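# Topology and contacts: notes
Residue-level listing of the chains:
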Amino acid sequence: HVFSTDQSRGVLHRAFSVCLFDSSTGEMLLQKRASTKITFPNVWTNTCCSHPLHGMEVNEVDGPEDVKDGSVKGVKAAAVRKLEHELGIPVGELPIENFKFLTRLHYWAADTVTHGEKSPWGEHEIDYVLFITVPTKDSITLKPHPDEVDDVCWVTQSKLLEMFADKDLLISPWFRLIANRWMIGGGENGKGGWWDDLDRTMNTDDFCDYENIHRFDPPTEHLGGGGDAGPWLDTKEAPSANGTVGDTVGDASKKQGAYGKIKTHKESKLSQLMHIDEVCSAISLLYINPLKSNLESDNIKKSFDTDDLAFCDDILCKVSRSFAAVIRQLPSELLVDVLIFYLVLRALDTIEDDMTFFASNEEKVKVLLAFHKTALVDPEWKMMGCGEGDERRLLEEFPKCHSVFAALREDSRRVISDITLRMATGMAEFVDKDLGQGTVDVQQYNRYCHFVAGLVGEGLSRLFSASGLEKPALATELHLSDQMGLFLQKTNIIRDYLEDYVDGRAFWPQTVWKKYSASGDLGYFANPATVEHETAALNCIDELVTDALELVPDCLSYLSKLRCAEVFRFCAIPQVMAIATLDKCYHNKDVFSGVVKIRKGMSCALINGTTDINGVHSIFHRFASSILRQAELSRKKGFEDPSYERTVKACTTILELTETEAKRSGSSVVGSTLMLSTAAVGCLTYKYPNGSNTTALTTAIASIGMFSLFKTSFMKYVGKKGVSSLMPASKLTEKK
């Protein structure tokens, strides 16, 4: 678990600590963690410490009701599994009903003793403490796994205290906390220590506390680490009962789940600047031909409350900066409808994503299913404390969104309410599903994507038609709308593998990834360390990328049916970003160690290329060609990809659909390349009086940039004038 400046105490996760005792002697079994372990190697600790996992055949996930009644069968099942794995104790020797759950503690500790004061490793856990006794030490089988355990020993209380006092021995910080706080001596509240009277501990609930999570900072030697973390849990900034820390409303650094807590693979600034055409595209998009916002149009100002609309616009930028500009460029007849549609669904999604706010899944389902009747009907409805950061602020100030929603046309309100109900129904279906190991199969994978993205596509199509900017028939293109949404959602799911896995809600279908995972666990692919490991990971992602590519023909078909230029661009921009992202993810091992993203300059170039269907076809042709080249190159290098033939077929289909535009633009690309090269060489070989290479290079870049901008404008005017069938909204309104 990485401790860094971005996540100073790592990512909070669940854990358990087992303490096993010989009831005939009162001795406790300790283990010495293997020297090969990354975190806390060579450390003496309690009998077994590990983590419950999502998606195991024997369920290891406990809900709030399981904690409340103390049953926690999921954590106990995980303990049985790991006691066998680490210590070789057969499952049958420790019945699950013999474990006693006592309480939970929230602690963190940087492994500074092993890795130094700037240690990148540590633990940050909600730790479930379990006790179990056996008649005698001879009644269990011990065969410690050498990769997990270096040594074991049975100790009395006095022996353990001697070990604690021995400066040459390393003791795990969590075990030291548990032992000193509860196990030995007077204990808390005068009840005595848990170890002092094992019979009372195991056979009564005198020591059980299922309601509270006890929070502790680590011993001073475990402060610091890669994020320079100091005392926290013993301060006023400690988490409250519902797990939030301080006032996170509107805090841009707070994102739900694992967002922002996983490494992002980025190219260096120098590398990005070397793509001169992309730099020029960024300049063009930012300063010369930016996406124009229509939010200030007169009819919008007259139709909606100014302050409430300003809030909606501001919160849109906060919860989705990438979508904000694309929505704002929509025509005034449609802009606010889509903006509110997005915010309503984002609010619903925030409720679904919060895994700690609700006391039970049943309560969450009730809120989801009633959302269209509460949030969209009651002008005062809001939800306090759910979500994090700006998403939480959206829910807490939702009456401002409702004000704008209520002022929309009736047909738009009807569409938004209908899609909200159907999406909530789909979300409710998945609330009780354990997604720690992904969806069960491709059918369930597609079904999930339909609920959270395909329905969005349908709703947008209906809003487009209701505005009069698109033909009524578009509202009936349910299949194409759905496939377009699935293409975007699957791309996000492929890219976000590690974030989703860490968050405990993953979506890669098991019928795909289990073909490649040697361990049978979705986490097998994270940070592949061997050639075989990496090969399996790449085979898996290549198949998933191919599955997404097979949706492209329907996406292109949908785009070809649009007639409004602004609507077309709204739909096309996410699509070209998706195909570029798939190209970035294909056969890329970086997906398994972080989040890969396309260059910002490339994003600008893609946006600039979405003014008509020809530009979009050219972009799809480019990236399909790139994926095909990667597949063929890997094949030549001896990489055996089970999905190779399927990948080739998907890419070839895209190339055939987009070939005409690619050929038409080919000659201009060759000519431009020659002219750019000539300009660059001329500038670089010119002898400046002061011999300055920097000046020459600057002039070359400037010349290339100026020519690139000129070429782009000229080609738009000469090469494409009169070709596009798209019309701006103003022209379509005039025709009506």
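Please read these numbers as outputs of a predicted model, since none were measured by experiment.

Reading guide: rules and limits
- Residues numbered from 1 in each chain as written.
- Predicted model: local features only at pLDDT ≥ 70, side-chain atom pairs only at ≥ 80, totals over all residues.
- Heavy atoms only, no water.
- Helix = DSSP H or I, 4+ residues; strand = E, 2+ residues; numbered from the N terminus.
- Buried < 20%, exposed > 50% of the residue type's maximum accessible area, 1.4 Å probe, protein only.
- Contact = heavy atoms within 4.5 Å.
- Areas by Shrake-Rupley, 256 points an atom, 1.4 Å probe, with all protein chains shown as cover.
- Patch = residues over 30% accessible without salt bridge, like charges linked within 9 Å, V, L, I, M, F, W, Y side chains within 5 Å.
- Salt bridge = Lys/Arg side-chain N within 4 Å of Asp/Glu carboxyl O.
- Lys, Arg positive; Asp, Glu negative; His and termini not counted.
- Charge placed at Lys NZ, Arg CZ, Asp CG, Glu CD.
- Pairing = 2+ DSSP bridges.
- Axes fitted to C-alpha atoms, helices over the stretch in contact; angles between N-to-C directions.
- Parallel < 35°, antiparallel > 145°, perpendicular 65-115°, else oblique.
- Left-handed = near helix turned anticlockwise from the far one by under 90°.
- Nonpolar A, V, L, I, M, F, W, Y, C, P; charged D, E, K, R; others polar.
- Phe/Tyr/Trp six-rings, centres within 6.5 Å; stacked < 30°, edge-to-face > 60°.
- Core = buried A, V, L, I, M, F, W, Y, C linked by side-chain atoms within 4.5 Å.
- pLDDT = per-residue confidence, 0-100.
- Expected span 1.5 Å × (residues − 1).
- Polar contact = N/O pair within 3.5 Å; in protein donor to acceptor, adjacent residues only side chain to side chain.

### Notes on the overall build of the chain
Summing up its helical and strand segments, the chain has 28 helices and 10 strands in all. For the chain, with 736 residues in total, the buried portion stands at 52%. By sequence separation, contacts in the chain at least 24 residues apart represent 75% of the contacts at least 6 residues apart. Accessible area for the chain stands at about 32,700 Å²; split by element, carbon and sulfur atoms hold 54% of it.

### Notes on a negative patch on the surface
On the surface, Glu65, Asp69, Glu362 and Asp432 cluster together into a patch of negative charge. Note that Glu362 resides in helix α13 (residues 361-374). Using a relative accessible area of 48% as the deciding quantity, one classes Glu362 as partly exposed.

### Some thoughts on unusual backbone geometry
Phi is positive for Phe40, which is not a glycine, with a value near 50°. Within the secondary structure, Phe40 is located in the loop between β2 (27-33) and β3 (44-45). With a relative accessible area of 1%, Phe40 lands in the buried category. A positive phi angle is found at Asp228, which is not glycine, with a value near 50°.

### Points about the pattern of salt bridges
A full pass over the atoms with the stated rule returns 36 salt bridges. For Arg599, the salt bridge is made with Glu278, and the minimal N-O distance between the two is 2.6 Å. Of this pair, Arg599 sits in the loop between β10 (595-596) and α24 (600-608) while Glu278 sits in helix α8 (residues 276-288), placing them 321 residues apart in sequence. A network of salt bridges, in which partner residues are shared, links Lys490, Lys515, Glu543, Asp547, Glu550 and Arg646.

### Some points on a nonpolar patch on the surface
A surface patch of nonpolar side chains, about 460 Å² in accessible area, is lined by Ile283, Leu286, Tyr287 and Ile288. When you line up the elements, Tyr287 lands in helix α8.

### What about the pairing of strand β1 (residues 13-22)?
Among the 10 residues that make up β1, nine are buried, leaving the element largely enclosed by the rest of the structure. Where β1 meets strand β6 (residues 122-134), 10 bridges bridge the pair, whose relative direction is parallel. Following the sheet pairing, Val18 is matched in β6 by Leu130. Inspection of the sheet shows β1 paired to strand β4 (residues 48-50) by three bridges, in the antiparallel sense. Its bridge partner being in β4, Phe16 is matched across the sheet by Ser50.

### Quick word on the pairing of β6
Taking burial as the measure, the 13 residues of β6 include 12 buried ones, the bulk of the element. Relative to β6, strand β5 (residues 100-110) is paired through 10 bridges, and the arrangement is antiparallel. Paired with Tyr107 across the strands is Glu125, a residue of β6.

### Examining the environment of Leu142
Mapping Leu142 onto the fold places it in the loop between β6 and β7 (149-155). Judged by relative accessible area, which is 28%, Leu142 ranks as partly exposed. Measuring from C-alpha to C-alpha, the distance between Leu142 and Ile89 comes to 5.6 Å, with 53 residues separating the pair along the chain.

### Let's talk about the packing of helix α22 (residues 552-560) against helix α23 (residues 565-585)
Here α22 crosses α23 at 160°, and the two axes come no closer than 10 Å. If you check the angle between α22 and α23, you find them roughly antiparallel. As α22 packs across α23, the resulting crossing turns out to be left-handed. Every residue of α23 that contacts α22 at Val552, Cys555, Tyr558 and Leu559 is listed here: Phe568, Cys571, Ala572, Gln575 and Ile579. Along the lines of polarity and charge, the residues of the contact of α22 with α23 split into eight nonpolar, one polar and no charged.

### With respect to the packing of aromatic side chains
Tallying each qualifying case throughout the model produces 29 aromatic pairs. Between Phe430 and Phe451, the ring centres sit 6.4 Å apart and the planes meet at 70°, which makes this aromatic pair edge-to-face. Of this pair, Phe430 sits in helix α16 (residues 410-431) while Phe451 sits in helix α17 (residues 442-466), and the two are 21 residues apart along the sequence. Residue classification places Phe451 among the buried residues on the basis of a relative accessible area of 10%.

### A closer look at helix α11 (residues 321-328)
When we look at burial in α11, the residues that qualify are Ala324, Val326 and Ile327. Contacts made by the buried residues of α11 are with α10 (306-319), α12 (335-353) and α23.

### Some words on the nonpolar core
In this structure, Ile340, Leu343, Phe398, Trp508 and Phe525 are the most contacted members of the largest nonpolar core, which totals 139 residues. With residues near it in sequence (within four places) discarded, Phe398 still touches Val344, Ala347, Phe371, Ala375, Leu376 and Trp381. Ranked by size, the runner-up nonpolar core spans 60 residues in total, among them Phe21, Val149, Met163 and Trp194.

### Let's talk about the confidence of the model for the chain
Keep in mind that low pLDDT regions are not for reading the predicted coordinates in detail. Mean pLDDT over the chain stands at 86; residues scoring 70 or higher make up 86%. Taken as a whole, residues 240-260 scores under 50 in pLDDT and shows 42 contacts with residues more than four places along the chain or in a different chain. Within the model, pLDDT remains below 50 along residues 712-722, and this stretch shows 11 contacts once partners closer than five positions in the same chain are excluded.

### With respect to the packing of α10 against helix α15 (residues 398-406)
One can describe the packing of α10 onto α15 by two numbers: an axis separation of 9 Å at closest approach and a directional angle of 115°. Of the possible angle classes, the one that applies to α10 and α15 is roughly perpendicular. With respect to the hand of their crossing, α10 and α15 are arranged in left-handed fashion. Contact residues: α10 offers Asp308, Leu309, Phe311 and Cys312, while α15 offers Lys400, Cys401, Ser403 and Val404.

### Observations regarding helix α25 (residues 613-636)
In an α-helix, one turn spans 3.6 residues; hence positions three or four apart end up facing the same way. Counted at 1.5 Å a residue, the expected span for α25 with its 24 residues is 34 Å, and the 34 Å between its end C-alpha atoms agrees. Count one or two residues on from α25 and you reach Gly638, which has phi positive near 95°.

### Section: the environment of Thr25
Assignment of secondary structure puts Thr25 in the loop between β1 and β2. Given the relative accessible area of 43%, Thr25 is considered partly exposed. For the pair formed by Thr25 and Thr156, sequence separation is 131 residues and the distance between their alpha carbons is 8.3 Å.

### Thoughts on a positive patch on the surface
On the surface, a cluster of positive charge is made up of Lys266, Lys269, Arg321, Lys597 and Lys600. Inspection of the secondary structure puts Lys600 in helix α24. Residue class for Lys600 comes out exposed when judged on its relative accessible area of 66%.

### What to know about the side chain of Asp127
Position of Asp127 among the secondary structure elements: in strand β6. The charged side chain of Asp127 is buried without a salt bridge, its nearest counter-charge being Arg104 at 10 Å. At 2.7 Å, the side chain of Asp127 forms a polar contact with the side chain of Ser17.

### What to know about the side chain of Asp547
Position of Asp547 relative to the elements: it lies in helix α21 (residues 531-549). A polar atom in the side chain of Asp547 sits 2.8 Å from the side chain of Lys490. Ignoring anything within four residues of it in the chain, the contact list for Asp547 reads Tyr445, Lys490 and Arg646.

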